[in-house]
Each structure stands twice: as structure tokens, then as C-alpha cells.
Amino acid sequence: MAFDVRRVRAAYPALADGYAYVDGAAGTQVPAAVIDAIRGAYEGGLGNAGGAFPASAHADAITAGCREAVADLVGGDPAGVVLGPNMTTLTYRIAAAVSATWRADDEVIVSRLDHDANVRPWVQAAGRAGAIVRWAEVDPATGDLPAEQYSELIGDRTRLVAVTAASNAIGTRPDIPAITAMARDAGALSYVDGVHATPHGPVDVSALGADFYVTSAYKWSGPHVGALIADPALLGSLRPDKLVPSPDTVPERFELGTPPFADLAGVTAAVEHLAGLDDAAAGSRRERVLASMAAAEAHEQRLFATLLGSLDAMRHVTTYGKAAARTATAYFNVAGHTPRQVAEHLATRKINVWNGHNYAWELTGALGIRESGSAVRAGLVHYNDESDVTRLLEAVAELG
Ligand SMILES: Cc1ncc(COP(=O)(O)O)c(C=O)c1O
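Residues numbered from 1 in each chain as written. Predicted model: local features only at pLDDT ≥ 70, side-chain atom pairs only at ≥ 80, totals over all residues. Heavy atoms only, no water.

Visitor: Can you walk me through the site of the ligand in this structure?
Guide: Within the structure, the ligand sits among N86, M87, T88, H115, N168, D193, V195, H196, S216, Y218 and K219. Contact distances for the ligand include 2.5 Å between an oxygen atom and a side-chain N or O atom of T88. One of the side-chain nitrogen or oxygen atoms of Y218 is found 2.5 Å away from an oxygen atom of the ligand. The class makeup of the residues in the shell around the ligand is three nonpolar, six polar and two charged. (Near = heavy atom within 4 Å. Polar contact = N/O pair within 3.5 Å; in protein donor to acceptor, adjacent residues only side chain to side chain. Nonpolar A, V, L, I, M, F, W, Y, C, P; charged D, E, K, R; others polar.)

Visitor: Before we go on, may I ask you to explain the sheet that holds strand 8 (residues 226–230) in this structure?
Guide: Within a sheet, adjacent strands bond to each other through the backbone by hydrogen bonds, running parallel or antiparallel. Strand order across the open sheet formed by seven strands is 2-8-7-6-5-3-4, with mixed pairing between neighbours. At either margin of the open sheet sits one strand with a lone partner, and together these are strand 2 (81–84) and strand 4 (132–136). On average, adjacent strands in this sheet sit at an angle of 20° to one another, irrespective of strand direction. Here four bridges tie strand 2 to strand 8, and the two strands are oriented antiparallel to one another. Along strand 8, the bridge assignment pairs L83 with A227. (Pairing = 2+ DSSP bridges. Helix = DSSP H or I, 4+ residues; strand = E, 2+ residues; numbered from the N terminus. Axes fitted to C-alpha atoms, helices over the stretch in contact; angles between N-to-C directions.)

Visitor: Help me understand the nonpolar core in this model?
Guide: One broad trend across soluble globular proteins is that nonpolar side chains are buried collectively. Core analysis: the largest hydrophobic core is formed by 68 residues, its most contacted members being Y150, Y213, W220 and I229. Looking at this core element by element, the count peaks at nine residues for helix 10 (residues 261–275). Setting aside residues no more than four positions away along its own chain, Y150 makes contact with I109, S111, A136, L145, V161, V163, I179 and M182. Counting residues in each nonpolar core, the second largest holds 29 residues, with V82, V119, Y191 and L228 among its members. (Core = buried A, V, L, I, M, F, W, Y, C linked by side-chain atoms within 4.5 Å. Buried < 20%, exposed > 50% of the residue type's maximum accessible area, 1.4 Å probe, protein only. Contact = heavy atoms within 4.5 Å.)

Below is the structure:
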């Protein structure tokens, strides 16, 4: 493993501005290779899809290349990669298609750990079908989402289990293989939100057992594009609303309108970039992705141990979440200051953090902090370094 954070940082033009970018959980910066790929796509001449001339073939090749890249990132089948504007839009689309066969008294399970984008689309779809919503609860003391509760929640009437692979607020990584196995045994589908998990380590959708896995490239150094990964046969069994003349093939059936071709080229470049995070990674792109993401995770976790340990040691700081398995995402409050005030103070020290519920609506409600502005989130990604952590800790210490 050879992770050189200085080399990694040099790839990102935006990081030269002197700010500590600790807001990666809300969206990462992009490397020059991604910007170049987007520019190159336009410079190379782009037509709409399916035409008889080279600029159209260029667009088709970009789309096909993007599906392959996303499949390499998460271990899926390119023929099962649906591209769309973002995770939220894709989830509403799939929820509408999947719930078309739900009946009154069918059941859907959501969790209080999840970002609202993997809660509300299912709750609203259930409401339309007359189906029952059952909730998996978070242990407020630890921030864990105990997998055991799913054996009680899942039953004969369960049609779908929606659960996150990692909390975007407190980083908790639930035991997804255990949860999806219980869903599968009961004949239910699983819909796994991988938006926060994907940037923080190797992903294998088969090992997760996820029927649907969804991710957003802007969280992993790419442009604002979302992707859903599923077995093409499962996608083929669904009939989403679509225009009559648009392709009825899978995965195109789920893609509405004209895609942002140049951005799709940027997504592929982002995956190439991730595959090269570990200097020593070798082999196929999938193999290099796995090695590089493991190296990135080790780097993030090393920094996170310092960040969390030091925040926990500050008497004026309260941190949330103690899950054993979690991403490098700290969520905390500072006594005597609102989360917004803390973020504003950090901004004066050129440190970017997010404040608020971060759409972890149910979780912040369960933690009892939503009404008071929730908390401050400092999330590390592969391009953060020791100085980002040191500066953040010094600036928080100033508020004590
Ligand atoms: C865990 C998680 N799920 C879903 C979303 C929504 O993603 P998108 O912005 O692609 O709709 C986010 C965005 O922050 C997220 O962090």
C-alpha cells in the first residue's frame, strides 16, 4: 500500500486556495483529470445519443464508458447501471416503479439512521399503496443500527427494506450483509443507500447483498451525477413511467431525457482517479479501485482517530455516535455556540464544515438535537491531511 496524500492533494486544483475542505460529506472537490475530461468531451464534439455521425457515437461511447466505470467502482454489472441526476431523483423513480405492485397491508422497512432521500420516497410510495411503514431504530447512545431488530421487523408481508450503508451524519456503517440476507430470505427487496459509504472504502454490491445500490459521483471526486446499480434482470422486471419513443431497453428504460454526456465523461475520469490513489495498485481497474479505496480508508481512519479522540477530550465538545464500524465523519456540538456559529467561526479560520441536520432528519430527531440546529459535521475524505485536522482542532479549541 502506498498512499501519498501530498501527491493526491496536488491533483485537486481547488485545494490550493488555503482552505481546509472538511465538508467532503456534502460534496468533494474534483481533480484536474475530471475537469479535463469534461472539457475534452465538449472539445471532441458531442451529438445526441444514437445518431449516424461520429459526434453522436462519441456521446454513446461516453455513456457506455461511464456505466463500465461505475460498475468497476462498486463491483456491479455495467448493464445494470442506471445514470441519473442524483440519488434522490433515482430513488423517487425506483420507488414509483417498485411500489406499483404494492397492496394494502404490504410492508416496507425504513430506518431512522438514513438520509431522508432513502426514507421519504418509500414512506410516500407506501402511503399511496396503503402499505405499512415499519421503522428500524437507532440506539441513541451508540449511534448503531442494530441488525438484530430486522428479524422482528421483516415478515411475510415485507416488500422492501431501505437502509443506508453509512450514515452521512455520524458515519455508522450498519451490518448490511446481515440485513439484506434477512430481506432476501423473506422474499423482500433491499435498497441500499451507498451515497455516503462509497467514497470511504472498497464497495462490493454482491457482498453487500444489495438488490439496489445507489451512489452519487459528486461525493467521490466526480461531477453531479447519480448512479443506481442493480441486476439487469431485476431492472427488466420493472415498468417505470417513460416516454413512448424513448428506449425500452435496460438500463435506458429508467433514464429520462438527454443525459449530461460531458459530465458522464467526468464520472469515468473520477473512477480512474480513485483507482490511482494507491501508487502501488496494479491489475484491472476494478482491482486498482479495491486496493486504492482500501488505502484511502486506512489514511482517513488514521486521521479520524486523532480528530475524534481530540474532540472527545475537549470538555466543551459533545460528539455523536460511537459505532465500532463508521466512516471518518465527526458530528459534534460546542457548548455555548450554535452549530451555525461554530461553522461561521471555522470559516473565519478558512475551514469548511457543514452545520445542521444534513437531511439526516429522523436521526437528528431521535438524537433530540434537530430543533436546536442539530450539530456540526466534519467529514474527512482521502485528500484531507494532518494539517486539516490540526487546524480544525485548534479552531474548535478556541471556542472553549
Ligand atoms: C447518505 C446520503 N444519501 C442520499 C443523499 C442524497 O444524494 P443526492 O444529493 O445525490 O440526491 C445524500 C446527500 O448528501 C447522502 O449523504
